[in-house]
Amino acid sequence: MIRSALVLLALLAGCTTSPLTGREQYLLVSESMAVSQSAAAYSQMMADLGKKKQIETGTPRAEKVREITDRLVKQAVRFRPDAAGWAWEVQVINDPKTVNAFCMAGGKMAIYTGMWEKLKATDDEIAQVMGHEIAHALADHTRERMSIAMTTAVATTAAAIAIGSRDSGPGAGLAFTGAQLAAVLAIQLPNSRNGEAEADQIGIELAARAGFDPKAAVTLWEKMGKDGGSPPEFLSTHPSPENRAARLAELGAQVTPLYVAAKAGTATEGDKLITFPRK
């Protein structure tokens, strides 16, 4: 009873209105802690994957991913100017059976080769994946889930068991501090419907402004829905309601003028954001 009351008080004390979306979020973890601990956890994960020779470097695919994410990051700072100071980084993880990607607090990103091997994703579709993941970081969704994870020992313990028992995926079999574990948990547990809706809106606009076709958001989710066998890991952390393709098509129509302008080279830095415009 006492523990439950303390948790409730912590939740109430940590509620903050997002300057980007206007939604009230539980952000007990500070921005500096979220960024530093995510970076530490990411470094540990990538070092381990490097020892296993699972980091793909120097290939045309790896270079293309960096080109795509560089274009997306350039647009990301329009939504959140302070993100220009993040130490953005992206790695391609050689795991052809895993269809997944993530972006941690502070811009630490990765994408699995299953996106190509299993889904045959196009460049435009990869941009939609990474734009969506970047959107989660911009909207403080990773920080939000870190805060929830660190509030209850039960959640953190469950995460430790889940991460330690998995054969693949971020942080499998590694030992983390409490805050680092929460950072890994933040990219492994399902997002809320609000979080998904926000990431869909921000991500598709990011990609359009960077010159990637909004229609690819729909074709990407269609491919994931048709993937044979068990559902892609990406869908386990990104719940996909039946009307999602329709919603993405609607959002795509809204940002198509931005895509056309980007392709034509007529986009301007002064035009207003469509998604969650700043007042």
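Conventions used here
Residues numbered from 1 in each chain as written. Predicted model: local features only at pLDDT ≥ 70, side-chain atom pairs only at ≥ 80, totals over all residues. Heavy atoms only, no water. pLDDT = per-residue confidence, 0-100. Contact = heavy atoms within 4.5 Å. Axes fitted to C-alpha atoms, helices over the stretch in contact; angles between N-to-C directions. Helix = DSSP H or I, 4+ residues; strand = E, 2+ residues; numbered from the N terminus. Parallel < 35°, antiparallel > 145°, perpendicular 65-115°, else oblique. Left-handed = near helix turned anticlockwise from the far one by under 90°. Nonpolar A, V, L, I, M, F, W, Y, C, P; charged D, E, K, R; others polar. Core = buried A, V, L, I, M, F, W, Y, C linked by side-chain atoms within 4.5 Å. Buried < 20%, exposed > 50% of the residue type's maximum accessible area, 1.4 Å probe, protein only. Pairing = 2+ DSSP bridges. Polar contact = N/O pair within 3.5 Å; in protein donor to acceptor, adjacent residues only side chain to side chain.

## Looking at the confidence of the model for the protein
Averaged over all residues, the pLDDT of the protein is 83; the fraction at 70 or higher stands at 77%. Within the model, the stretch residues 1-13 combines pLDDT values under 50 with five contacts to residues more than four positions away or in other chains.

## Re the packing of helix α5 (residues 123-138) against helix α9 (residues 193-209)
The geometry of α5 relative to α9 is characterised by a closest axis approach of 7 Å and an angle of 125° between their N-to-C directions. The pairing of α5 with α9 is recorded here as oblique in orientation. Considering the relative orientation of α5 and α9, their crossing is right-handed. Residues Ala-127, Gln-128, Gly-131, His-132, Ile-134, Ala-135, His-136 and Leu-138 of α5 lie in contact with α9, whose contacting residues are Gly-195, Glu-196, Ala-199, Asp-200, Ile-202, Gly-203, Ile-204, Leu-206 and Ala-207. Each residue belonging to the contact of α5 with α9 can be placed in one class, and the counts come to nine nonpolar, six polar and two charged.

## Some thoughts on the nonpolar core
The tendency in soluble globular proteins is for nonpolar side chains to be buried side by side. Counting 51 residues, the largest nonpolar core has Ile-111, Ile-134 and Leu-138 as the members making the most contacts within it. If you tally residues by element for this core, the top one is α5, at eight residues. Residue contacts for Ile-134: discarding those within four places in its chain leaves Leu-72, Val-73, Ala-76, Trp-88, Cys-103, Met-109 and Leu-206. Formed by 21 residues, the second largest nonpolar core is a distinct cluster that contains Ala-41, Met-46, Ala-105 and Ala-182.

## Concerning the environment of Val-90
As for its placement among the helices and strands, Val-90 is situated in strand β4 (residues 89-93). Considering only alpha carbons, one finds Val-90 and Val-65, 25 residues apart in sequence, at a separation of 7.9 Å. Setting aside chain neighbours within four positions, we find Val-90 in contact with Tyr-42, Val-65, Arg-66, Thr-69, Met-109, Ala-110 and Met-130.

## A word on the pairing of strand β6 (residues 108-112)
With respect to burial, β6 is a largely interior element, five of its five residues being buried. Going residue by residue along β6, you find Lys-108, Ala-110 and Tyr-112 tucked away on one face and Met-109 and Ile-111 tucked away on the opposite face as well. Strand direction decides the pairing type here: β4 and β6, joined by five bridges, are parallel. Bridge pairing in β6 places Val-92 opposite Ile-111. Pairing geometry for strand β5 (residues 101-103) and β6, over three bridges, is antiparallel. From the neighbouring strand, Cys-103 faces β6, where its bridge partner is Met-109.

## Comments concerning the sheet that holds β6
Pairing in this open sheet of four strands is mixed, and the strands run β3-β4-β6-β5 from one edge to the other. The sheet terminates laterally at β3 (55-56) and β5, the two strands that pair on one side only. Looking at chain direction, β3 and β4 are connected through two bridges and run antiparallel. Counterpart to Glu-56 in the pairing with β4 is Val-92. Helix-sheet contacts for α5 involve β4, β5 and β6, and the interaxial angle to β5 is about 35°.

## Describing the side chain of Arg-80
Positionally, Arg-80 belongs in the loop between α3 (60-79) and β4. Polar contacts involving the side chain of Arg-80 include one to the side chain of Glu-31, which spans 3.1 Å. One polar contact links the side chain of Arg-80 to the main-chain carbonyl oxygen of Leu-138, over a distance of 3.1 Å.

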